[in-house]
Amino acid sequence: MLGNKAGEQTGWFAKIVKDKFNIEMNMIASNVEGGDTKFATMMASGDLGDIVIFGSDSDNKWLDA
């Protein structure tokens, strides 16, 4: 929600996570890739991913629920 980078995680941290846990991370930041519309679509379809971090510094009404 508050991220400013989107896409597959690369670099040393991604390598450690991949080697230790066999996890490849793909960051999807709704404010970078289509705004609230993309997040609302993913939430409605049940396709949010395995780890979801909510947060906002705006007046999004759907976060108040």
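Residues numbered from 1 in each chain as written. Predicted model: local features only at pLDDT ≥ 70, side-chain atom pairs only at ≥ 80, totals over all residues. Heavy atoms only, no water.

### What to know about the overall build of the protein
Next, step 1: Across its full length, the protein holds 2 helices and 2 strands.
Next, step 2: From first element to last, N terminus to C terminus, the protein shows the α and β order β-α-β-α.
Next, step 3: Scored against the burial criterion, the 65 residues of the protein give a buried share of 15%. (Helix = DSSP H or I, 4+ residues; strand = E, 2+ residues; numbered from the N terminus. Buried < 20%, exposed > 50% of the residue type's maximum accessible area, 1.4 Å probe, protein only.)

### Overview of the environment of Lys38
Next, step 1: Inspection of the secondary structure assignment puts Lys38 in helix H2 (residues 35–45).
Next, step 2: Along the sequence, Lys38 and Ile28 sit 10 residues apart, while their C-alpha atoms lie 9.6 Å from each other.

### Structural notes on the confidence of the model for the protein
Next, step 1: For the protein, per-residue confidence averages 76 on the pLDDT scale, and 66% of positions sit at 70 or higher.
Next, step 2: Averaged pLDDT values for the elements of the protein fall to 78 in H2 and rise to 94 in helix H1 (residues 12–21). (pLDDT = per-residue confidence, 0-100.)

### Topic: the pattern of salt bridges
Next, step 1: A complete count under the given rule lists 2 salt bridges for this structure.
Next, step 2: We note a salt bridge from Lys18 to Glu24, for which the minimum N-O separation is 3.3 Å.
Next, step 3: Residue classification places Lys18 among the partly exposed residues on the basis of a relative accessible area of 32%.
Next, step 4: Glu24 gets classed as exposed once you look at its relative accessible area, which sits at 56%. (Salt bridge = Lys/Arg side-chain N within 4 Å of Asp/Glu carboxyl O.)

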